[in-house]
Amino acid sequence: MPKRSCPFGEAAPLQLKTRVGLRELSRGVRAEELRREIFVPPVGVSKACSSCVRTADVKEACSQCDRFVCESCSRLCSCCNTVTCSLCSVIDYGDVGEQVLCNGCSIFQV
């Protein structure tokens with residue numbers, strides 16, 4: 001007995017397996033709820049700075065990656081005035097002097 005032919009013909013899209021990880025889930029429909037469950041540490045856990053890994057009174061988080069940043073490691077973007085960590089910012093040594101730019105603003109500064 002021969003195989004049954006495909007009812008969709010040649011126009012059928014390929015059916016590929018898609019991996020859905022935590023990153024994709026945290027950007028989906030229930031993004032805010034899942035972000036709190038996955039990325040926010042439980043109450044009572046000490047917060048450490050992501051750059052220097054020192055436990056400190058962390059009051060702010062990086063606006064780009066949401067990691068905790070202590071006062072000595074935080075940088076203020078000179079373009080949009082947001083707090084960023086050392087991993088998400090670039091120091092521009094231009095004509096005017098040093099200028100701290102977050103990754104979002106550094107794209108537009110040429």
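Read on for a plain summary of the structure. Worth saying up front: this structure is predicted, and the values here are computed from it rather than measured.

### Structural notes on the overall build of the chain
Phase 1 of the analysis: Tallying secondary structure elements over the chain gives three helices and six strands in all.
Phase 2 of the analysis: Classification of the 110 residues of the chain by burial places 17% in the buried group.
Phase 3 of the analysis: Residue pairs at least 24 apart in sequence account for 17% of intrachain contacts in the chain once pairs closer than 6 positions are excluded.
Phase 4 of the analysis: Of the accessible surface of the chain, which amounts to about 9,300 Å², a share of 54% is contributed by carbon and sulfur atoms.

### Examining the nonpolar core
Phase 1 of the analysis: Counting residues in hydrophobic clusters, the biggest one holds seven residues: Cys 49, Cys 62, Val 69, Cys 70, Cys 73, Cys 85 and Cys 88.
Phase 2 of the analysis: If we ignore the near neighbours within four places in the chain, the residues touching Cys 85 are Ser 50, Ser 51, Cys 62, Cys 65, Val 69 and Cys 73.

### Overview of the pairing of strand 5 (residues 89-93)
Phase 1 of the analysis: Bridging between strand 5 and strand 6 (residues 98-102) involves five bridges; their strand directions are antiparallel. From the neighbouring strand, Val 90 faces strand 6, where its bridge partner is Leu 101.
Phase 2 of the analysis: What sits between strand 5 and strand 6 in their antiparallel hairpin is a turn of four residues, with Gly 97 showing a positive phi close to 135 degrees.

### So, the environment of Asp 92
Phase 1 of the analysis: Here Asp 92 is to be found in strand 5.
Phase 2 of the analysis: In sequence terms Asp 92 and Gln 109 are 17 residues apart; their C-alpha atoms lie 9.3 Å from each other.
Phase 3 of the analysis: Non-local contacts of Asp 92, meaning those with residues more than four positions away in its chain, are made with Gly 97, Glu 98, Gln 99 and Leu 101.

### Overview of the side chain of Ser 89
Phase 1 of the analysis: Considering the arrangement of structural elements, one finds Ser 89 in strand 5.
Phase 2 of the analysis: Polar side-chain contacts of Ser 89 include one of 3.1 Å to the side chain of Arg 75.
Phase 3 of the analysis: Within the local environment of Ser 89, its side chain forms a polar contact with the backbone oxygen of Cys 85, the two atoms lying 2.9 Å apart.
Phase 4 of the analysis: Those residues within four positions of Ser 89 in sequence are excluded, and the remaining contacts are Arg 75, Thr 84, Val 100, Leu 101, Cys 102 and Asn 103.

### Describing the environment of Thr 82
Phase 1 of the analysis: Examined against the element boundaries, Thr 82 turns out to sit in the loop between strand 3 (75-76) and strand 4 (83-84).
Phase 2 of the analysis: C-alpha separation for the pair Thr 82 and Cys 102, spaced 20 residues apart in sequence, amounts to 7.9 Å.
Phase 3 of the analysis: Ignoring sequence-local partners within four residues, the contact set of Thr 82 consists of Ser 63, Arg 75, Leu 76, Cys 77 and Cys 102.
Phase 4 of the analysis: A polar contact of 3.4 Å, which involves the side chain of Thr 82, links it to the side chain of Ser 63.

### So, unusual backbone geometry
Phase 1 of the analysis: Even without a glycine there, the phi angle at Asp 66 is positive, about 65 degrees.
Phase 2 of the analysis: With respect to the secondary-structure elements, Asp 66 resides in the loop between strand 1 (60-61) and strand 2 (68-69).
Phase 3 of the analysis: One non-glycine residue with positive phi stands out, namely Asn 81, at about 60 degrees.
Phase 4 of the analysis: Tracing the sequence through the fold places Asn 81 in the loop between strand 3 and strand 4.
Phase 5 of the analysis: With a relative accessible area of 54%, Asn 81 lands in the exposed category.

Reading guide: rules and limits
- Residues numbered from 1 in each chain as written.
- Predicted model: local features only at pLDDT ≥ 70, side-chain atom pairs only at ≥ 80, totals over all residues.
- Heavy atoms only, no water.
- Helix = DSSP H or I, 4+ residues; strand = E, 2+ residues; numbered from the N terminus.
- Buried < 20%, exposed > 50% of the residue type's maximum accessible area, 1.4 Å probe, protein only.
- Contact = heavy atoms within 4.5 Å.
- Areas by Shrake-Rupley, 256 points an atom, 1.4 Å probe, with all protein chains shown as cover.
- Core = buried A, V, L, I, M, F, W, Y, C linked by side-chain atoms within 4.5 Å.
- Pairing = 2+ DSSP bridges.
- Polar contact = N/O pair within 3.5 Å; in protein donor to acceptor, adjacent residues only side chain to side chain.

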